[in-house]
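# Fold and geometry: a report
Residues per chain, in single letters:
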Amino acid sequence: MASIFQLFPNSRPDSINRKIFRAALIVGVLGILARIAGTGKELVVAHAFGRSDALDAFLIAYLMPAFAVNLLMGALGSALLPVLVETRQKQGAHAAEEFLSSTVCLSAVVLLIVAALLGLCEPSYLPRVGHGLPAAKLLLTRKLL
């Protein structure tokens, strides 16, 4: 993204507002691209499974892990950025890199623990989430999960 802005040289230094606008624009464009990629993923899944029991089983198996990841990682992203910026400003780039590295490792461990818990607790929540499913579809959902 930075190379696009280099195509239009500016003789005066950028103001704070311009830098904030540029950062917001980059985040917005990347957010839109992520939404488009998510829509593409949904279209590929719909094309692969069609309207079938397999699609129902996939979506039910995907529900709880996706919820857990969105819940944990969404909160982490919002909380991490201000702390990372503050650490970089007060303690330097090396300290910020160490903080980010340890946070990524810790979040990977937490996600592994959550995945293990979801796998262990599956017999208790899957029948509730898949209430009313035929036994064959519930078995397929267990396999996919």
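Residues numbered from 1 in each chain as written. Predicted model: local features only at pLDDT ≥ 70, side-chain atom pairs only at ≥ 80, totals over all residues. Heavy atoms only, no water.

It is worth spelling out helix H2 (residues 16-49) at this point. With 34 residues, H2 extends 49 Å between its outermost C-alpha atoms, agreeing within 8% with the 50 Å of an ideal straight helix rising 1.5 Å per residue. Downstream of H2 by a residue or two, Gly 50 has a phi angle that is positive, lying close to 70°. (Helix = DSSP H or I, 4+ residues; strand = E, 2+ residues; numbered from the N terminus. Expected span 1.5 Å × (residues − 1).)

Given a rise of 1.5 Å per residue, 28 residues ought to cover 40 Å, and the 40 Å separating the end C-alpha atoms of helix H4 (residues 93-120) matches this to within 8%. Three or more residues of H4 are buried, namely Ala 95, Ala 96, Thr 103, Ser 107, Val 114 and Leu 118. For H4, the secondary structure elements touched by its buried residues are helix H3 (53-91) and helix H5 (122-129). (Buried < 20%, exposed > 50% of the residue type's maximum accessible area, 1.4 Å probe, protein only. Contact = heavy atoms within 4.5 Å.)

Turning next to the packing of H4 against H5. Two numbers describe a pair of packed helices, the interaxial angle and the distance between the axes. Where H4 contacts H5, the two axes come as close as 6 Å, and the packing angle between them is 70°. Put simply, H4 runs roughly perpendicular to H5. Contact with H4, carried on its side by Leu 118, Gly 119 and Leu 120, involves Glu 122, Pro 123 and Tyr 125 of H5 and no other residues of that element. Of the residues belonging to the contact of H4 with H5, the class tally is four nonpolar, one polar and one charged. (Axes fitted to C-alpha atoms, helices over the stretch in contact; angles between N-to-C directions. Parallel < 35°, antiparallel > 145°, perpendicular 65-115°, else oblique. Nonpolar A, V, L, I, M, F, W, Y, C, P; charged D, E, K, R; others polar.)

You can see Ser 107 is positioned in helix H4. With relative accessibility at 13%, the residue Ser 107 sits in the buried group. If we ignore the near neighbours within four places in the chain, the residues touching Ser 107 are Met 73 and Leu 76.

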